[in-house]
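Fold and geometry: a report
What follows is each chain in one-letter form.
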Amino acid sequence: MRNFVANTEVRKQEKKVKKKFGLGKSCERKNQDPEVIPRVLEEEDCHLKKDGVDLNDEEFLLDEYESDDEVSIGSGKSKRKVGGCLASSSSDEEGENDASDEEEEKDLKIYFCSRTHSQLSQFIKELRKTRFTNEITVVCLGSRKNFCINEDVLKLGNVTRINERCLELQKSRKNVVSKIKNIGANGRTRRTKASSGCPMLRKHKLQRQYRDEVSQLGALDIEDLVQLGRGMGTCPYYGSRSLVPVADLVVLPYQSLLSKSSREFLGLNLKKSIVIIDEAHNLADSLISMHDAKITLSELDHVHSLIEKYLARFYNLLGPGNRRYIQTLMVVTRALRQTLCSEMDLSRGNTFQVEEKAAEVKPVLDISMAINDFLFSLNIDNINLVKLLQYIKESNFIHKVSNYGEKVTSLQKDPVLNGSGACGEERSSLSSFRALVDMLVSLTNTDGDGRIIISKSRSACSGRQGGFLKYVMLTGEKIFSEIVNQAHAIILAGGTLQPVEETRERLFPWLPQSQLHFFSCSHIVPPESILPIAVSRGPCGQLFDFSYSSRSSLKMIEELGLLLCNLVAVVPEGIVVFFSSFEYEGKVYDAWKTSGILERIMKRKRIFREPRRNPDVERVLKEYKETIDGLSTHAKDVAPHNGAILLAVVGGKISEGINFSDGMGRCIVMVGVPYPSPSDVELIERVKYIESLGEPNPVETRKTSVSDEYFNGDVQAAFSILRSCKRRGQEYYENLCMKAVNQSIGRAIRHIKDYAAILLVDTRYASDSSRRSFSHQTNKLPQWIKDRLVPSTNNYGEVHRLLHQFFKFNKKRELQ
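Rules of the game
Residues numbered from 1 in each chain as written. Predicted model: local features only at pLDDT ≥ 70, side-chain atom pairs only at ≥ 80, totals over all residues. Heavy atoms only, no water. Core = buried A, V, L, I, M, F, W, Y, C linked by side-chain atoms within 4.5 Å. Buried < 20%, exposed > 50% of the residue type's maximum accessible area, 1.4 Å probe, protein only. Contact = heavy atoms within 4.5 Å. Pairing = 2+ DSSP bridges. Helix = DSSP H or I, 4+ residues; strand = E, 2+ residues; numbered from the N terminus. Axes fitted to C-alpha atoms, helices over the stretch in contact; angles between N-to-C directions. Salt bridge = Lys/Arg side-chain N within 4 Å of Asp/Glu carboxyl O. Phe/Tyr/Trp six-rings, centres within 6.5 Å; stacked < 30°, edge-to-face > 60°. Lys NZ or Arg CZ within 6 Å of the ring centre and 35° of its normal.

**Remarks on the nonpolar core**
Core analysis: the biggest nonpolar cluster contains 109 residues, and Tyr 310, Ile 326, Phe 374, Phe 397, Leu 440 and Leu 469 have the highest contact counts within it. Non-local contacts of Leu 440, meaning those with residues more than four positions away in its chain, are made with Leu 329, Val 332, Leu 385, Leu 388, Leu 389 and Ile 392.

**Re the sheet that holds strand 14 (residues 573-579)**
Spatially, the 6 strands line up as an open sheet ordered 13-18-17-14-16-15, and their pairing is parallel. Taken across any chain shown, the strands that pair with only one partner, and hence form the sheet edges, are strand 13 (530-535) and strand 15 (606-609). On average, each strand axis in the sheet is inclined to that of its neighbour by 15°, with strand direction left out of account. As paired strands, strand 14 and strand 17 (residues 667-671) are joined by 4 bridges and run parallel to one another. Paired with Phe 578 across the two strands is Met 670, which belongs to strand 17.

**A closer look at the pattern of salt bridges**
Overall, the coordinates contain 29 salt bridges when judged by the stated rule. With a closest N to O distance of 3.7 Å, Lys 739 and Glu 502 form a salt bridge. With a gap of 237 residues between them, Lys 739 in helix 31 (residues 728-745) and Glu 502 in helix 23 (residues 500-507) connect regions that are remote in the sequence. When sorted by exposure, Lys 739 lands in the same class as Glu 502, which is buried. Between Asp 762 and Arg 764 there is a salt bridge, with the nearest N and O atoms lying 3.0 Å from each other. Among the residues examined, Asp 762 registers a relative accessible area of 0% and is labelled buried. Through salt bridges that share partners, Glu 573, Arg 666, Asp 754, Lys 811 and Glu 814 make up one connected network.

**Notes on the packing of aromatic side chains**
Using the criterion set out here, one finds 19 aromatic pairs in the structure. Between Phe 579 and Tyr 584 the ring centres are 6.2 Å apart and the planes differ by 65°, which places this aromatic pair in the edge-to-face class. Assessed through its relative accessible area of 4%, Tyr 584 is described here as buried. Here the aromatic rings of Phe 608 and Tyr 624 are separated by 5.9 Å at their centres, their planes lie at 85°, and the arrangement is edge-to-face. Placement of Phe 608 in strand 15 and of Tyr 624 in helix 27 (residues 614-633) is noted, with a sequence separation of 16 residues between them. Across the pair, exposure class does not vary: Phe 608 and Tyr 624 are buried alike. By way of ring pairs, the aromatic residues Tyr 310, Phe 314, Tyr 325, Tyr 391, Phe 397, Tyr 404 and Phe 433 are connected into one cluster. For Arg 313, the ring lying beneath its charged end belongs to Phe 314, and the centroid distance is 5.2 Å. Directly above the ring of Tyr 584 sits Arg 551, whose terminal nitrogen or CZ lies 5.2 Å from the centroid.

Scope: geometric values only; no functional claims are made or implied.
In structure tokens form, the structure reads like this:
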């Protein structure tokens, strides 16, 4: 059947090519070798020259496309998906698995997903401790970047580039296949599957052996799968994917399960399956952020330039259908560029001006608009974007144009096509096109489902006009309903799921209460292993108030430094201090350095700082851990320090997914109440949307009940919008903050014998428990922490005494 379909497609393309180039009936003899025509065309096109470049026109030409034919085209199954999956997979690719190798898919399957690969590895390690590891077939899925063992591909570094290069190698495999077929009836056509552009996929026999090995070895995490693939010399990415149909348990990251295009790409079938979603307190926000779309002005310039050059070159060779759609796409691209380039009047949007600060890249103009208003303002509301996206998906347009652009670039060294990003940022044609398609897909959403953010800015290094367009998804209800309707059961698991009502309203408001079951249990760690204290005053009696208006006070920063100077004397091993942002951490660090406090702290403990760049985080964590571990190998009187301090940021990489078990986190210090920046346009849009949930006309309510007066950098204006919210919006804003706090302080207690102190340093955490309101910050702490919380202390001396007793008791218990 595969061969029949493939041959039918070849014959259709041959007919179109013959008609287009007027080759007539002379090529239609029954005994004519079907591969002669492409060879004839190839020979003829090799002599064509344009702009001084030798190019094979037939390689880049689009097949004829008729818009009226969409129903029949749409009924077929395309290998390309609109949006994130523009290229065919190699599974997929396509005869990679012999039909004889395929096994029947298991009826009942469990999907376990979490946010990061490190969390999935932790789950696999725990699974190995159970008897299930030898009773079920387990497969772990991940990204190409984590699985790839082709060193040439890995050198690219960037996730997008790795994905594109992998798919290019699979595409080159197909080219090899067609050349082998051209040789004729010499018995080689049946061996085409063994050919691949990637050396790790050339031997199909090794892929079979890889699958057999994984099935027999039990639960393997990503590192194990990669090591096995490297040892056998075969691709672990496609090897693990091919095991999905026969697996009982599939372990995978959020993106792979929650995105419809990713599920289709991986061939995941959720029917009759149980879906377990870990870290579910982040589910609603993670789900909608996956469906955001963003395109920069430099990407729009790059795409527009490529389409313009392609159309100029091939205009006379393209049929009317292709010309019409390409010109329509140019109109849309030009309109989007004009939004960021001109001072056009977008009166339907909420506009606000911002002053530029020296040596910073600050938005010059930010606008928030509904989808329909945005389309009307650009005069492209009459363009059928669904048909345009259908054309892009079915015609292979993006790959043809991208390949043509890259070929011209490589032959001409054209600086316009070669450099697409401001400040010399390297960006491939495919990733720029992908950003455009994602934006177009977003514009087909329902008007009330999201907002368009238009941000104009000036490039710091060139002074050129810059900026971006971003679609912000506001609701995950429709997206999550696809999973709910397919799966047999869904389990949302997490340490800080409460309040459950917010999650229910945002993800499955239609679900009857009878179908929603809530279960909660106490923590495995005994109460005496944690000491949470609300610290309201420092050693000098200064009241701790790290609210936005007073946190920059040098007196406040100095008092925090004195608190640390005292803590290093009483807390053994490691202390992790969390700040609200990188900017504030930098300001505090510089102030301590100037005042000499930093020097005092470093006499007792080494200081490490969380880097902004993710690749540097692993290095810092390794050095921090080595410092802590080194304490046990040195004699106490010889060791230069009694531990280390790590300065980290709430919402950074260290605050999520990193374990500070045992000595790495004997004390967690939370500085202030880390509310997210209220001047963030996207955040306020989400607050306004959530405020409207449950209202009879949510779209109208959102426009009238919450002030539409916009801001940027004006925190007071932001707070006025938050204050105008009655309940849901404020609750969401506060929950965002306390979820981040819970996530950060939860890094310390990682097993039953672990122990740690938790200091919440701000007067807003302190309160009389009998008078505490429901909305108070400490009421949103996990129950196992809240039950042990010391809500207030008279002075720092009391805090110091409690800490001394706590560590003395646990050290004694540890030695027993």
